[in-house]
Amino acid sequence: MAKSVKLSHSDELRESSRQQVFDAIREAGQIARIDIAQVTRISPATVTAITADLIAAGLIEEVSPDISRGAKRGRPRVALKIRGDAHTIAGMKLSHHAITTLITDFEGAELVCHEIPLPGGQLDPDALCEKIVTALDESCAQGGLERRQISGLAIGMAGVMDADRNFVYWSSSLNVRNIDFGSYLARYLSMPVFIDNDANLVAKAELLFGEGDKRSNFVVVTVEHGVGMGIVIDNQIYRGARGCGAEFGHTKVQLEGALCQCGQRGCLEAYVGDYALLREANVTSGVERHKDLASLYAAREAGDIMAQSTLDRAGRMFAMGLANVVNIFDPQMILLAGAQLAFGYLSSDKVVHEMRRSVLQVDGPLPEVRVHGWGNKMWAKGAAAHAIEEISALRIREVSGHAV
Ligand SMILES: [Zn+2]
């Protein structure tokens, strides 16, 4: 094998094996070489060689054997773990009114969490870049860090984007379409930057840090200013051919229906997004009675029929959309997350019942619907996890390059 001509295919295989070994260590927390071989089905000799390279590159380290848990006879097994101080990583969530930044070590342990306000609405790319830089610098200062110590930054934002090339087709945070936002940010920041849809990063956070039963097939539906979705199939985020899949908010629920912020009509989001609800509630009453959802919700609680009808219709539309998702993907679980769910009109028993009624009826359990109380920090943690994965892949590629 050693004498064989190095083909790019074999280099790819080596790189893929390194990534598999690295991922197995990260997933386990601490794991012995022999167990890595078992999990990855890579030969023990190859695992030993790969782990030696990863140790030399400073990405992983040996952990002193725990004598009390070690083998009764013979040498206790040496475990391997990710080297936490190998890199410092930043994850960001851009929401409509704030940027939440989480700085972590390479194992994902929190170092700093910081939030700055955003003016809201769609910003000029330069203005948004400046806000991102401010958010990062303030977070670094809070942790006694310098910006140059950050090895990579991942940003989760609402909209349609191709994460592979950091290209934003459209976002409710930007006032221009079709922008190579990764290159744009590179003018402001010298570290690698990765951009992804925020709902995908919630899905990533659930995959890596979720509590309770681990699911390998699930969907995350986020409801904030708009409606987003992350689809996980066999533990992988499904992005679609152009990277713009899972735009649940823009699935059509009404022919020639209400106008959506994407420019089309009849999108689900145009019936359940906060802007849509306020538009409906204020248009029907003729004056701007409600400035935010809290006001509309309070009116409903106080028995206002107009508010009741607006929110009930949103709930029914949402249930119909969820039922369509179940009929197409048959997920094990639907995870609902986002600021609007605090008001409950999209996650009530009534909505879940309505969804279950519209799902194709078979003799099998229906997916569990779980409401996530995560705040912005968990979304930022999903972004940090994305950055950790991307930086790992970059460094492993470097190790592979050096090893040829
Ligand atoms: Zn739309």
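Residues numbered from 1 in each chain as written. Predicted model: local features only at pLDDT ≥ 70, side-chain atom pairs only at ≥ 80, totals over all residues. Heavy atoms only, no water.

## Describing the packing of aromatic side chains
Formally: Note on aromatic pairs: the rings of Phe, Tyr and Trp (six-membered ring only in Trp) are paired at centre separations within 6.5 Å, and the planes decide the class, stacked below 30 degrees, edge-to-face beyond 60, tilted for the rest. By definition, any uninterrupted DSSP run of H or I lasting at least four residues is a helix, any uninterrupted run of E lasting at least two residues is a strand, and each is numbered from the N terminus. Burial classes: relative accessible area under 20% of the type maximum marks a residue as buried, over 50% as exposed, and values in between as partly exposed (1.4 Å probe, protein chains only). By the criterion adopted, a ring carries a charge over it if an Arg CZ or a Lys NZ lies within 6 Å of its centre and within 35 degrees of its normal.
Under the counting rule described, the total for this entry stands at 5 aromatic pairs. Their ring planes at 55 degrees and their centres at 6.4 Å tell us that Phe248 and Phe318 sit as a pair that is tilted. With Phe248 in the loop between strand E13 (236-238) and helix H7 (269-272) and Phe318 in helix H10 (residues 305-329), this residue pair connects regions lying 70 residues apart in the sequence. Pair check on accessibility: Phe248 and Phe318 agree, each one buried. Each member of the aromatic cluster is reached from another via a ring pair, and the members are Tyr297, Phe343 and Tyr345. When the ring centre of Trp379 is taken as reference, the NZ or CZ atom of Lys93 above it lies at 3.7 Å.

## A look at the packing of H10 against helix H11 (residues 349-358)
Note the following rule: Working convention: axes come from line fits to C-alpha atoms, limited for helices to the stretch in contact. Angles between N-to-C directions cover 0 to 180 degrees. Throughout this description, any angle smaller than 35 degrees is read as roughly parallel, any larger than 145 degrees as roughly antiparallel, any in the 65 to 115 degree range as roughly perpendicular, and the remainder as oblique. In this scheme, a crossing is called left-handed if the near helix is turned counterclockwise away from the far one by less than a right angle; it is called right-handed if the turn is clockwise. The contact criterion used is simple: two residues touch if any of their non-hydrogen atoms lie within 4.5 Å. By the convention adopted, Pro, Cys, Tyr, Trp, Phe, Met, Ile, Leu, Val and Ala count as nonpolar, Lys, Arg, Asp and Glu as charged, and the other residues, Gly among them, as polar.
The interhelical angle for the contact between H10 and H11, taken along N-to-C directions, is 40 degrees, at an axis separation of 8 Å. Of the possible angle classes, the one that applies to H10 and H11 is oblique. As for the relative orientation of H10 and H11, their crossing is right-handed in sense. In contact with Asp312, Gly315, Arg316, Phe318, Ala319, Leu322, Ala323, Val326 and Asn327 of H10, H11 contributes Lys350, Val351, Glu354, Met355 and Ser358. Taken together, the residues that form the contact of H10 with H11 break down as 7 nonpolar, 3 polar and 4 charged.

## A word on the coordination of the zinc ion
Keep this limit in mind: Only nitrogen, oxygen and sulfur atoms within 2.8 Å of the metal, or 3.2 Å for Na, K and Ca, are treated as donors, and water is left out, so sites may look incomplete.
Around the zinc ion, the protein contributes the donor atoms His250 (ND1), Cys260 (SG), Cys262 (SG) and Cys267 (SG), which lie 2.0 to 2.4 Å from the metal centre. Each donor residue of the zinc ion lies on one chain, and together they are spaced H-x9-C-x1-C-x4-C. Both residues of the pair, Cys260 and Cys262, count as buried.

## Overview of the sheet that holds strand E5 (residues 98-105)
Cut-off, in case you're wondering: By this definition, two strands are paired if DSSP reports at least two bridges between them.
Reading across from one edge, E6-E5-E4-E7-E10 is the order of the 5 strands in this open sheet, with mixed pairing throughout. Sheet topology places strand E6 (110-117) and strand E10 (193-197) at the edges, where each strand pairs with a single neighbour. Neighbour-to-neighbour, the strand axes of this sheet turn through a mean angle of 15 degrees, independent of strand direction. With 6 bridges joining them, strand E4 (residues 88-94) and strand E7 (residues 150-157) adopt parallel strand pairing.

## A short note on the sheet that holds strand E2 (residues 60-63)
Spatial strand order, E1-E3-E2: 3 strands in an open sheet with antiparallel pairing. With one partner strand each, in any of the chains shown, strand E1 (31-32) and E2 form the two edges of the open sheet. Both E2 and strand E3 (residues 79-82) contribute to a ladder of 4 bridges, which runs antiparallel. When the bridges of E3 are listed, Glu62 appears paired with Leu80. On the sheet, helix H3 (residues 44-56) packs against E2 and E3 and is oriented at approximately 105 degrees with respect to E2.

## As for the pattern of salt bridges
The condition is simple: Here, a salt bridge means any side-chain nitrogen of Lys or Arg that lies within 4 Å of a carboxyl oxygen of Asp or Glu.
Within the structure shown, the criterion is met by 23 salt bridges. Here Arg165 and Asp162 are joined by a salt bridge, their closest N and O atoms 2.9 Å apart. What makes Arg165 partly exposed here is its relative accessible area of 44%. Note that Arg395 is salt-bridged to Glu398, the shortest N-O span being 3.0 Å. Separated by 3 residues within a single helix, Arg395 and Glu398 lie in helix H12 (residues 376-403), roughly one turn from each other.

## Thoughts on the nonpolar core
Side chains that are nonpolar tend, in soluble globular proteins, to be buried together. Filter applied, for reference: Here, nonpolar core means buried Ala, Val, Leu, Ile, Met, Phe, Trp, Tyr and Cys residues that are tied together by side-chain atoms lying within 4.5 Å of each other.
Within the largest apolar cluster, 42 residues are counted, with the highest numbers of intra-cluster contacts made by Val221, Phe248, Val272 and Phe318. Broken down by element, the residue count for this core peaks at 10 residues, all from H10. Aside from chain neighbours lying at most four places away, what touches Val221 is Val227, Gly228, Met229, Phe248, Phe318, Leu322, Ile334, Leu335, Leu336 and Ala337. In terms of nonpolar packing, the next biggest core, distinct from the first, is built from 32 residues, Ala135, Leu136, Leu153 and Val193 among them.

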